[in-house]
Amino acid sequence: FAGTKLFVTPKYTASSMIYILTKTTSVTSLADIQMGEQLTVDFETLAKSRPVVETVVQNLGLDYVYEDAVKMIVTENPADTRILKFDVTHEDPETAKDFANALAEETAERVAYIMDTDKPKIVEEAVAPTIPSSPRVVMYTALGAMLGGILAVGVIMVLYMMRDTIQTEEDV
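Parameters at a glance
- Residues numbered from 1 in each chain as written.
- Predicted model: local features only at pLDDT ≥ 70, side-chain atom pairs only at ≥ 80, totals over all residues.
- Heavy atoms only, no water.
- Helix = DSSP H or I, 4+ residues; strand = E, 2+ residues; numbered from the N terminus.
- Buried < 20%, exposed > 50% of the residue type's maximum accessible area, 1.4 Å probe, protein only.
- Contact = heavy atoms within 4.5 Å.
- Areas by Shrake-Rupley, 256 points an atom, 1.4 Å probe, with all protein chains shown as cover.
- Pairing = 2+ DSSP bridges.
- Axes fitted to C-alpha atoms, helices over the stretch in contact; angles between N-to-C directions.
- Expected span 1.5 Å × (residues − 1).
- Core = buried A, V, L, I, M, F, W, Y, C linked by side-chain atoms within 4.5 Å.
- Parallel < 35°, antiparallel > 145°, perpendicular 65-115°, else oblique.
- Left-handed = near helix turned anticlockwise from the far one by under 90°.
- Nonpolar A, V, L, I, M, F, W, Y, C, P; charged D, E, K, R; others polar.

Caption draft 1: Fine view of the overall build of the protein chain. Across its full length, the protein chain holds six helices and four strands. Secondary structure of the protein chain in N-to-C order comes out as α-β-α-α-α-β-β-α-β-α. Within the span of the protein chain, comprising 172 residues, buried residues form 30% of the whole. Considering only residue pairs separated by 6 or more positions, the protein chain has 72% of its internal contacts joining residues 24 or more positions apart. Carbon and sulfur atoms form 58% of the exposed surface of the protein chain, whose accessible area is close to 11300 Å².

Following this line, the structure appears as structure tokens:
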């Protein structure tokens, strides 16, 4: 508990979402639905592309290189949907929120430009998280207690096994 509280910096995760299909994309057949599912994979790749991430970093005035910024981003396509979810993890909740919202906006702009279609709609904007997503203090405390218990039992067993002196009359 103490190690987690003193030495681990809390991180916050903010999420935003965009809807993949637009007015110009029709969902009238199975082929259209499958194409929409494939587009989400393409959009996930576009969201983490260098032009999108560097534009977001520059617009927010953050001091990150591409490799560091992309490590903060997790893209996800919830099962059986054409929605793309962006999770951004940062030490500051406001920065996480701003980054997630800017990433959704810039991804939508980039997709519209590259696919030459209408801009995807933002389904949900990120809000500043109030509870840290990591570290999990309760889990780390329980893990520490478990490891401490195992260590204590191990030490007692080793001390008992190494005791070779005569303790009682029966030992003689």
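Caption draft 2: The sheet that holds strand β4 (residues 121-124), seen in detail. Spatial ordering of the open sheet is given by β2-β3-β1-β4, a layout of four strands whose pairing is antiparallel. Every interior strand has two partners, whereas the edge strands, β2 (73-76) and β4, have only one. Ignoring which end each strand starts from, the neighbouring axes of this sheet average 30° apart. Relative to β4, strand β1 (residues 12-19) runs antiparallel, the two being bridged by three bridges. Looking across to β4, one finds that Tyr19 is bridged to Lys121.

Caption draft 3: Seen up close, helix α5 (residues 93-115). In a regular helix each residue adds 1.5 Å, so 23 residues correspond to 33 Å; α5 covers 32 Å between its end C-alpha atoms and thus fits that length. Phi for Asp116, located one or two positions after α5, is positive at around 50°.

Caption draft 4: The pairing of β2, seen in detail. Burial along β2 is one-sided: Ile73 and Thr75 are buried, and none of Val74 and Glu76, which face the opposite way, are. Across four bridges, β2 lies against strand β3 (residues 83-90) in antiparallel orientation. Note that in β3 the partner of Ile73 across the bridge is Val88. The turn joining β2 and β3, which pair antiparallel and follow one another in sequence, is formed by six residues; a positive phi near 60° is taken by Asp80.

Caption draft 5: View of the nonpolar core. Residues Phe43, Val53, Leu84, Phe86, Val88, Phe99 and Leu103 are the most contacted members of the largest nonpolar core, which totals 26 residues. Going through the elements one at a time, β1, α2 (30-47), α3 (50-60), α4 (66-71), β3 and α5 are the ones with two or more residues in this core. The leading source of residues in this core is α5, at seven residues. Apart from the residues lying within four places of it in its own chain, the contact partners of Leu103 are Ala47, Val52, Val56, Ile73, Phe86 and Val88.

Caption draft 6: A look at the packing of α3 against α5. Running from amino to carboxyl end, α3 crosses α5 at an angle of 135°, the nearest separation of the two axes being 9 Å. In this view, α3 runs oblique relative to α5, as classed from their interaxial angle. The crossing of α3 and α5 is right-handed. Where α3 approaches α5, its residues Pro51, Val52, Thr55, Val56, Val57, Asn59 and Leu60 are matched on the opposing element by Asp98, Phe99, Ala102, Leu103, Glu106, Thr107 and Arg110. Of the residues assigned to the contact of α3 with α5, the class counts are eight nonpolar, three polar and three charged.

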